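Next come the chains, spelled out residue by residue.
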Amino acid sequence: MSQQAITAPDQQGASGEAASDRRDVLHFDIGGMTCAACSARIEKVLSRTPGVLRASVNLPLETAVVETDGSLSADDIEDKVAATGYSASERSGGWQAERQRQEEADERAHAEEQRTTFILVLSALLTAPMIVGMAGMPFGLALMPPPVVQAVLATIVQFMVGSRFYVGAFKAVRAGSANMDVLVALGTSAAYFYSLALTVLAWPGHPGHLYFEASAVILTLILFGKLMEARAKRSTTAAIRSLSELRPQTAHRIVGDTVETIAIEALFPGDRILVKPGERVPADGVVVEGESELDESLITGESMPVARAPGGEVTGGTINGSGALTIDVSALGADSKLAAIIRLVENAQTAKAPVQKLVDQVSAIFVPVVLVIAAATFAGWWFTGASLDAAIGATVAVLVIACPCALGLATPTALVAGTGAAARAGILIRDIEALEVAHNVTTVVFDKTGTLTVGEPRLTDLRAFDRNDDRLLRIAASAQLPSEHPLARAIVEAAGERGLELSRPTSFRAIAGQGIVAEIAGETVLIGNTRLMDANGIDTFLTKQIARELEGQGKTCSTMAIAGRAVGVLAMADTLRPETPAALERLEAMGVATVMLTGDTETVARAVAQGLPLGEIVAGVPPEGKAERISELMNEGRIVAMVGDGVNDAPALAAASIGIAMGSGSEVAMETAGITLMRSRPDLVADALDVSRATVRKIRQNLFWAFIYNVVGVPLAAFGLLTPAIAGAAMALSSVSVVTNAGLLRRWKPRSR
């Protein structure tokens, strides 16, 4: 077993210099971005604008944060963005307006996804006849449609699908750069217009070899990649919206002797509100009256309800238990803890650099080089006395073999094969960035509750003073049948597992923060903590000794008394998942360091981690502290994967190099993470890293094969050693190599079963 280092979180509060009065931070919604080059262009232009101190553009969220010295207005920034060919509008308004903006953004993304899916299906259907004809050529089968039919089908695809690439290419060229859109527009246009010219000039005869199928296939496949990007962007927006929806839209404000229901926007710090049983707390505040247990699992990730009494602090978004609470509001909207978590998620996602930039960066160099080579080829042939047809043929051969068919296939084919194999194993990988990062992971940080553990309390110990454990459990479970408390459910479930026959109590009363009082067979049964026992005059000398021992093991204890006398102790705890030890051992064997990060106490964390090969344990960490600890690990040069399942884990999942969410966890965690484990088994983490490594290897191999054909083929085409037909064949061969190589990923199998 590895040596464990147990540390507590830094209690020192964050401090820093107050912002200057001349500094303004403006937030904008950005429209018109299609790729990483777009966001990079806007960020570059804004950063170079006099008066701008810092600019950050978030492509997935389609937002920008601009810090100025106070000399620029929002209109100035909007005009600057408009000059680059995109749109910007300042974000303003309260929480409700923010939620509405998020819903509208999600609706736009959903509509765009539906439109892209429709165009993709239509494009595939139009391309299919030409693909069938191309597939039949090696076998001598004349299945290719007539040239005119090819021209009609390819024309629809070229201008229906290709329009977005032409627009993107125009913007890139106008901005003085070259991206994937330029490469796609250039290659497909060369193949399409050359084939169209041959078809028109040879009419009504046969024009010879055409490249209509090449342009159509390229556009269809690359559109498939755009669809995957759209889905990734939509899921990112949904993660932020899901966090926002944790806060209710109304609150019950107390005014004098009356209670009025108002919109959350009408609340102000200092207002007094009533939170009824079962409702979500609308704002951060302090309890002034009433006692209850709050379900803070969505915020803190811990499964045990937390008792709150006068003087206790509550967090907006948590769920009230069985008692009514009167609360003085202390923080709202952007100042609330929930809003802070949302900002942490947004900021962490903004800082990430999509791996798709690799292709755009290569294209920025590749496209100008190909254009220069094509122009030089035409000039060379023309000025050496060759015919116009020969000069055009060599030039088109250069452009056709440089057409990014294999480049367009390299990533999607490996991604589909790898993610498909992973999905069959219950591992959902959101995008290529997740793959790229996961294969380099050096440290895996686990949340405790719901990740390494089951995530809900289980009965672990029974200490009946008369040694009749079944009788103690039967009475305890019967007394708590009416209760919805998690500890009560754990006791009832344990009785069911033993097959004990239960009977409903004739009376039942839950006392917030203490326990329950019930009557069974004419006798009064009390189950709860020391406060409940002391209030009813029960001698707890022996039970305190037993409870001290069990609580030292990280367990929660309840004393049970019948007819005024203590009869036993019941202990509950969140138990380890069966796969946890093997999962940690496998990661250790892979050379990956492991850390457990939890908001629970050090005593509980130490008890859970006993005997596990964990390198480090960090306990007592609030949600914002988890993200800070992740950042500290990354600052040490580590590639960090965070594994969690709760809303409290969302900032850490977003801040980590890669987030891995358990499928049994919250929707927010799964939407924030790059990888989701559909089976709540921690041993799938090692499988996720393994399939990521295999897939990234295939992507890199595919990119190599895609470019090697260009490196070898372009010079040959320029010197007339490749005709356009041979260039097309070479381009097709490169595609076959890429697809075949990616198909080998289907053989990958997970080790966990």
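Being a predicted model, the structure only gives us computed values, none of them experimental.

**Comments concerning the overall build of the protein**
Then comes step 1: Broken down by element type, the protein carries 25 helices and 27 strands.
Then comes step 2: The 753 residues of the protein split such that 53% are buried.
Then comes step 3: Across the protein, contacts joining residues at least 24 apart in sequence account for 69% of those joining residues at least 6 apart.
Then comes step 4: Split by element, the accessible area of the protein, about 32,700 Å² in all, is 57% carbon and sulfur.

**Details of the nonpolar core**
Then comes step 1: The biggest cluster of nonpolar side chains holds 41 residues, and the ones touching the most others in it are Ile427, Val444, Ile675 and Leu677.
Then comes step 2: Of all the elements, helix α24 (residues 684–718) adds the most residues to this core, at seven residues.
Then comes step 3: Sequence-distant contacts of isoleucine 675, that is, excluding residues within four places in its chain, are made with Ile427, Leu428, Ile429, Ala434, Ala438, Ile658, Gly659, Ile660, Ala661, Ala688 and Ser692.
Then comes step 4: Counting residues in hydrophobic clusters, the runner-up holds 24 residues, among them Leu472, Ala495, Val525 and Met560.

**Here we look at helix α5 (residues 163–174)**
Then comes step 1: Given a rise of 1.5 Å per residue, 12 residues ought to cover 16 Å, and the 16 Å separating the end C-alpha atoms of α5 matches this to within 8%.
Then comes step 2: Within α5, burial applies to Phe165, Gly168, Ala169, Lys171 and Ala172. Mapping the buried residues of α5 onto a view down its axis gives an arc of 165°, with all of them on the same face. Summarising the geometry of α5, the exposed residues directed more than 90 degrees from the buried face are Phe170 and Val173.

**Concerning the pairing of strand β10 (residues 292–295)**
Then comes step 1: Relative to strand β11 (residues 306–308), β10 runs antiparallel, the two being bridged by three bridges. In the sheet register, serine 292 faces β11, and the bridge partner there is arginine 308.

**Let's talk about the packing of aromatic side chains**
Then comes step 1: Overall, the coordinates contain seven aromatic pairs when judged by the stated rule.
Then comes step 2: Considering the side-chain rings of phenylalanine 378 and tryptophan 382, the 6.3 Å spacing of their centres and the 5° angle between planes classify their relative orientation as stacked. Note that phenylalanine 378 and tryptophan 382 are positioned in helix α10 (residues 357–383) at a spacing of four residues, about one turn of the helix.
Then comes step 3: Grouping aromatic residues by their ring pairs yields a cluster made of Phe159, Tyr166, Tyr192, Phe193 and Phe212.

**Structural notes on unusual backbone geometry**
Then comes step 1: Phi is positive for alanine 521, close to 55°, though the residue is something other than glycine.
Then comes step 2: A relative accessible area of 76% places alanine 521 in the exposed class.

**A few points about the sheet that holds strand β22 (residues 565–576)**
Then comes step 1: In spatial order, the strands read β17-β22-β21-β20-β19-β18; together these six strands make up an open sheet with antiparallel pairing. If you trace the sheet from one side to the other, it starts and ends with β17 (453–464) and β18 (507–511), each paired once. Averaged over all neighbouring strand pairs, the angle between strand axes comes to 20°, with direction disregarded.
Then comes step 2: Here eight bridges tie β17 to β22, and the two strands are oriented antiparallel to one another.

**As for the sheet that holds strand β13 (residues 319–320)**
Then comes step 1: Read across the open sheet, the three strands follow the order β11-β10-β13; overall the sheet is antiparallel. Here the strands that pair on one side only, and so sit at the sheet edges, are β11 and β13.
Then comes step 2: Pairing analysis gives two bridges linking β10 to β13, with the strands arranged antiparallel. Bridge pairing links leucine 294 to asparagine 320 in β13.

**A closer look at a negative patch on the surface**
Then comes step 1: On the surface, Asp75, Asp76, Asp79 and Glu90 cluster together into a patch of negative charge.
Then comes step 2: Relative to the assigned elements, aspartate 79 resides in helix α2 (residues 74–83).

**A look at the pattern of salt bridges**
Then comes step 1: For the structure shown, the criterion picks out 17 salt bridges.
Then comes step 2: A salt bridge links glutamate 260 to arginine 253; the nearest nitrogen and oxygen atoms lie 2.8 Å apart.
Then comes step 3: Residue arginine 253 is classed as buried on the basis of its relative accessible area, which comes to 19%.
Then comes step 4: Among the charged side chains, a salt-bridge network with shared partners connects Arg253, Glu260 and Asp271.

**Examining the environment of lysine 626**
Then comes step 1: Examined against the element boundaries, lysine 626 turns out to sit in helix α21 (residues 623–635).
Then comes step 2: Accessibility expressed as a relative area gives 1% for lysine 626, which makes it buried.
Then comes step 3: Each C-alpha atom of the pair lysine 626 and leucine 653 lies 9.2 Å from the other, and the pair is 27 residues apart in sequence.

**As for the environment of alanine 397**
Then comes step 1: In this structure, alanine 397 sits in helix α11 (residues 388–401).
Then comes step 2: With 20 residues separating them in the primary sequence, alanine 397 and threonine 377 have C-alpha atoms 9.9 Å apart.

**Some details on the pairing of β18**
Then comes step 1: One ladder, built from five bridges, connects β18 with strand β19 (residues 515–520); its direction is antiparallel. Counterpart to isoleucine 511 in the pairing with β19 is glycine 515.
Then comes step 2: The turn linking β18 back onto β19 is made up of three residues, and glycine 513 within it adopts a positive phi angle of 80°.

**Points about α2**
Then comes step 1: Of all the residues in α2, the buried ones are Ala74, Ile77, Glu78 and Val81. Taken down its axis, α2 places every buried residue within 100° of arc, on the same side. α2 presents Asp75, Asp79 and Ala83 as exposed residues on the side facing more than 90 degrees away from its buried surface.
Then comes step 2: Glycine 85 occupies a position one or two residues after α2 and carries a positive phi of about 100°.

**Structural notes on the environment of aspartate 574**
Then comes step 1: Residue position: aspartate 574 is located in strand β22.
Then comes step 2: In this structure the C-alpha to C-alpha distance between aspartate 574 and threonine 449, which are 125 residues apart in sequence, comes to 7.4 Å.
Then comes step 3: Looking at aspartate 574, its side chain comes within polar contact range of the side chain of threonine 453, at 2.6 Å.
Then comes step 4: Among the polar contacts listed, one links the side chain of aspartate 574 to the backbone nitrogen of valine 454, at a separation of 3.4 Å.

**Regarding the confidence of the model for the protein**
Then comes step 1: Averaged over all residues, the pLDDT of the protein is 80; the fraction at 70 or higher stands at 81%.
Then comes step 2: Here residues 348–356 is a poorly scored stretch, pLDDT under 50, and it has 23 contacts once near neighbours within four places are set aside; other chains count.

Thresholds, definitions, all that
- Residues numbered from 1 in each chain as written.
- Predicted model: local features only at pLDDT ≥ 70, side-chain atom pairs only at ≥ 80, totals over all residues.
- Heavy atoms only, no water.
- Helix = DSSP H or I, 4+ residues; strand = E, 2+ residues; numbered from the N terminus.
- Buried < 20%, exposed > 50% of the residue type's maximum accessible area, 1.4 Å probe, protein only.
- Contact = heavy atoms within 4.5 Å.
- Areas by Shrake-Rupley, 256 points an atom, 1.4 Å probe, with all protein chains shown as cover.
- Core = buried A, V, L, I, M, F, W, Y, C linked by side-chain atoms within 4.5 Å.
- Expected span 1.5 Å × (residues − 1).
- Arc of directions from axis to C-beta.
- Pairing = 2+ DSSP bridges.
- Phe/Tyr/Trp six-rings, centres within 6.5 Å; stacked < 30°, edge-to-face > 60°.
- Axes fitted to C-alpha atoms, helices over the stretch in contact; angles between N-to-C directions.
- Patch = residues over 30% accessible without salt bridge, like charges linked within 9 Å, V, L, I, M, F, W, Y side chains within 5 Å.
- Salt bridge = Lys/Arg side-chain N within 4 Å of Asp/Glu carboxyl O.
- Lys, Arg positive; Asp, Glu negative; His and termini not counted.
- Charge placed at Lys NZ, Arg CZ, Asp CG, Glu CD.
- Polar contact = N/O pair within 3.5 Å; in protein donor to acceptor, adjacent residues only side chain to side chain.
- pLDDT = per-residue confidence, 0-100.

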